[in-house]
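Architecture at a glance
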Amino acid sequence: MKKVKEIAYELSKGNIEKAAELRLGVKFDDASLELEVIEIARQAIISYLKKGDTERALETKKFFKIPTDLADEALKQAVLSSYCDGDLKRMLQIRDKMGMSTSLKKEVIEYCESWGRHEEAKAMRLVFLG
């Protein structure tokens, strides 16, 4: 458990390679421990994206071999957080630099539509689907 905390600490500091090295030293006898490390890395991706650090987000995805579905969920959360903050610039940055799939873009739009904010969802449709 100490190694997991060290991994989380290094990720919080942006030291992705160091965190990845520490991960190699962890014996995953328990599948839940491995899932915990992946979740910590996924949360780090969200944090990096919210700060506009797409480079670190991509590195974390690569070094920790985050599965596509979890990476997409992190992207979605970061976009929706930026949406709630009214940060269009950050949303566009995530869209352009993180390679969002069309299906993920549609999912984000549908989620926004479910809030009943049709004008904002219309704007999201323009931003993400052109």
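Section: empty space enclosed by the protein
- Considering all chains together, one arrives at one cavity of 30 Å³ or more under this definition.
- If you add up the space inside the largest cavity, you get close to 40 Å³.
- The wall of the largest cavity is formed by I45, L49, A57, K61, A71, A74, L75 and M98.
- No other element matches helix α5 (residues 68-85), which puts three residues into the lining of the largest cavity.

Regarding the pattern of salt bridges
- In total, this model carries nine salt bridges according to the counting rule given.
- For E39, the salt bridge goes to R42, with nearest N and O atoms at 2.9 Å. Taken together, the residues span about one helical turn, with E39 and R42 both in helix α3 (residues 31-50) at a distance of three residues.
- Here R90 makes a salt bridge to D87, at a shortest N to O gap of 3.8 Å.
- The structure contains a network of salt bridges with shared partners spanning E73, K76 and E107.

Structural notes on the nonpolar core
- Counting 39 residues, the largest nonpolar core has L11 and F64 as its most contacted members.
- Setting aside chain neighbours within four positions, we find F64 in contact with I7, L11, I16, A19, A20, R23, V37 and A41.

Details of the packing of α5 against helix α7 (residues 102-114)
- Packing of α5 against α7 brings their axes to within 10 Å, and their N-to-C directions diverge by 45 degrees. Accordingly, the angle class assigned to the pair α5 and α7 is oblique. Crossing geometry of α5 relative to α7 is assigned as right-handed. Between α5 and α7, the contacting residues are D72, L75, K76, V79, L80 and Y83 on the first element and L104, E107, V108, Y111 and C112 on the second.
- Partitioning the contact of α5 with α7 into residue classes produces eight nonpolar, no polar and three charged.

The rules we used
- Residues numbered from 1 in each chain as written.
- Predicted model: local features only at pLDDT ≥ 70, side-chain atom pairs only at ≥ 80, totals over all residues.
- Heavy atoms only, no water.
- 1 Å grid on protein atoms, 1.4 Å probe; cavity = no way out; pocket = protein on both sides within 12 Å on 5 of 7 lines; lining within 4 Å.
- Points joined across faces, edges and corners; volume = space filled by probe spheres on them.
- Helix = DSSP H or I, 4+ residues; strand = E, 2+ residues; numbered from the N terminus.
- Salt bridge = Lys/Arg side-chain N within 4 Å of Asp/Glu carboxyl O.
- Core = buried A, V, L, I, M, F, W, Y, C linked by side-chain atoms within 4.5 Å.
- Buried < 20%, exposed > 50% of the residue type's maximum accessible area, 1.4 Å probe, protein only.
- Contact = heavy atoms within 4.5 Å.
- Axes fitted to C-alpha atoms, helices over the stretch in contact; angles between N-to-C directions.
- Parallel < 35°, antiparallel > 145°, perpendicular 65-115°, else oblique.
- Left-handed = near helix turned anticlockwise from the far one by under 90°.
- Nonpolar A, V, L, I, M, F, W, Y, C, P; charged D, E, K, R; others polar.

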